[in-house]
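# Descriptive analysis of the structure
Spelled out, the chains give:
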Amino acid sequence: MRVIGIDLSGPRNHKDTVFTIFEQDGNQLKFVKWANNLSDQDILKEVFEQSQLDEVVIGIDAPLSYEDGGGDRKGDRELRKFIVDLGMRSGSIMPPTLNRMVYLTLRGIKLSREIENLNAGYPISLVEVHPGAIIGSRLSKQNIEYVLAYKQDRSARSYIRNWLAEQGLLQLPIEMEDESHSIDACAAALGAWHWKDPSYSAKWIFPACHPLHPYDYCC
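So, here's what we can say about the structure.

Reading guide: rules and limits
Residues numbered from 1 in each chain as written. Predicted model: local features only at pLDDT ≥ 70, side-chain atom pairs only at ≥ 80, totals over all residues. Heavy atoms only, no water. Pairing = 2+ DSSP bridges. Helix = DSSP H or I, 4+ residues; strand = E, 2+ residues; numbered from the N terminus. Contact = heavy atoms within 4.5 Å. Axes fitted to C-alpha atoms, helices over the stretch in contact; angles between N-to-C directions. Buried < 20%, exposed > 50% of the residue type's maximum accessible area, 1.4 Å probe, protein only. Polar contact = N/O pair within 3.5 Å; in protein donor to acceptor, adjacent residues only side chain to side chain. Parallel < 35°, antiparallel > 145°, perpendicular 65-115°, else oblique. Left-handed = near helix turned anticlockwise from the far one by under 90°. Nonpolar A, V, L, I, M, F, W, Y, C, P; charged D, E, K, R; others polar. Phe/Tyr/Trp six-rings, centres within 6.5 Å; stacked < 30°, edge-to-face > 60°. Lys NZ or Arg CZ within 6 Å of the ring centre and 35° of its normal.

## Topic: the sheet that holds strand β6 (residues 169-170)
To summarise the sheet geometry, strands pair through backbone hydrogen bonds and adopt either a parallel or an antiparallel arrangement. The strand order across the open sheet built from eight strands is β6-β3-β2-β1-β4-β5-β8-β7, with neighbouring strands paired in mixed fashion. Each edge of the sheet is formed by a strand with only one pairing partner; in this case those strands are β6 and β7 (205-206). Direction of pairing for strand β4 (residues 56-61) relative to strand β5 (residues 124-129): parallel, over a ladder of five bridges. The partner of I58 across the bridge, within β5, is L126. Sheet strands touched by helix α1 (residues 40-51): β1 (2-7), β2 (18-25), β3 (28-36), β4 and β5. Its angle to β2, the strand with the most contacts, is close to 10°.

Listed below in structure tokens is the structure:
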């Protein structure tokens, strides 16, 4: 199985989009490659190429649906409660139709549907993920400060990169510590892997509700 984590940015901000690829090897994910500054076409090309090799599971850090009428989806409210109980800040969960989120939501919805329409060689599964919650829900309580700091603090990103190796994500380049989007893309892959692999389980999951919310939402 190939596992892909995508930290998506808005459609005019390709430089902050990071794409990571791993290959499952038993109870580990072997790092294959990563890239940033990606257009939608670049992402579709990468996903298509991976789907010719093996089954693909993709975790996307972006809203893949929105609430009719605006505001939070039910899953957003439930995830916000979950992360606050972990000691995380509620503000990292924002409504998909919030002004600063709406273009990211547009890109997430568009890209996910285009991935579904690829002429894939093997099956492709998609899940919406929240990287911060993926990390925070697996850290010990005494280390929760690292997930609160990694967006701004390189030493926190260094800790999390090493911690990801302990979770089974092998051979992560040290350059991934340079900025948080790369850490988020790796965490997205970790969440998608645990969601898909029956040997593991998501720490929190809000099931898909067709037709308006067609993808599971997990951490």
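Moving on, there is more to tell.
## Observations concerning the side chain of H194
Looking at the secondary structure, you find H194 in helix α7 (residues 180-196). H194 gets classed as buried once you look at its relative accessible area, which sits at 8%. Within the structure, the side chain of H194 is placed 3.2 Å from the side chain of R138, a separation counted as a polar contact. Contact partners of H194, with chain neighbours within four places excluded, come to R138, Y200, S201 and A202.

## Overview of the packing of helix α6 (residues 154-166) against α7
Between α6 and α7, the least distance of the axes is 11 Å, while the angle of their chain directions is 25°. Judged by the angle between their axes, α6 and α7 are roughly parallel. Along this stretch, α6 crosses α7, giving a crossing that reads as left-handed. Contacts between α6 and α7 involve R157, I160, R161, W163 and L164 on the former and, on the latter, S180, I183, C186 and L190. Across the contact of α6 with α7, the residue classes tally to six nonpolar, one polar and two charged.

## Focus on the side chain of R80
Among the secondary structure elements, R80 is positioned in helix α2 (residues 74-86). With a relative accessible area of 18%, R80 lands in the buried category. Within polar-contact distance, the side chain of R80 engages the backbone oxygen of I93 at 2.8 Å. Residue contacts for R80: discarding those within four places in its chain leaves D72, S90, I93, M94 and P95.

## So, the pairing of β2
Taken together, the six bridges between β1 and β2 define a ladder with antiparallel strand orientation. Note that in β2 the partner of G5 across the bridge is T20. Here eight bridges tie β2 to β3, and the two strands are oriented antiparallel to one another. Residue pairing for β3: E23 is matched across the bridge by K30. Linkage of β2 to β3, two consecutive antiparallel strands, is achieved through a turn of two residues, within which G26 is found at a positive phi near 65°.

## So, the packing of aromatic side chains
One pass over the structure, following the stated rule, counts five aromatic pairs. Aromatic side chains Y146 and Y159 sit 3.7 Å apart centroid to centroid with 5° between the ring planes, which places their arrangement in the stacked category. Taken together, the residues span a long stretch of sequence, with Y146 in helix α5 (residues 145-149) and Y159 in helix α6 at a distance of 13 residues. Pairing W204 with Y217 gives two aromatic rings, centres 5.4 Å apart and planes at 85°, and the pair type is edge-to-face. Taken together, the positions of W204 in the loop between α7 and β7 and Y217 in strand β8 (residues 217-218) put the pair 13 residues apart, joining distant regions of the chain. The class of Y217 is buried, set by a relative accessible area of 7%. Ring-pair connections join several aromatic residues into one group, and the members of that group are W204, F206 and Y217. Across the ring face of Y217, the terminal group of R73 is positioned such that the distance to the ring centre comes to 4.9 Å.

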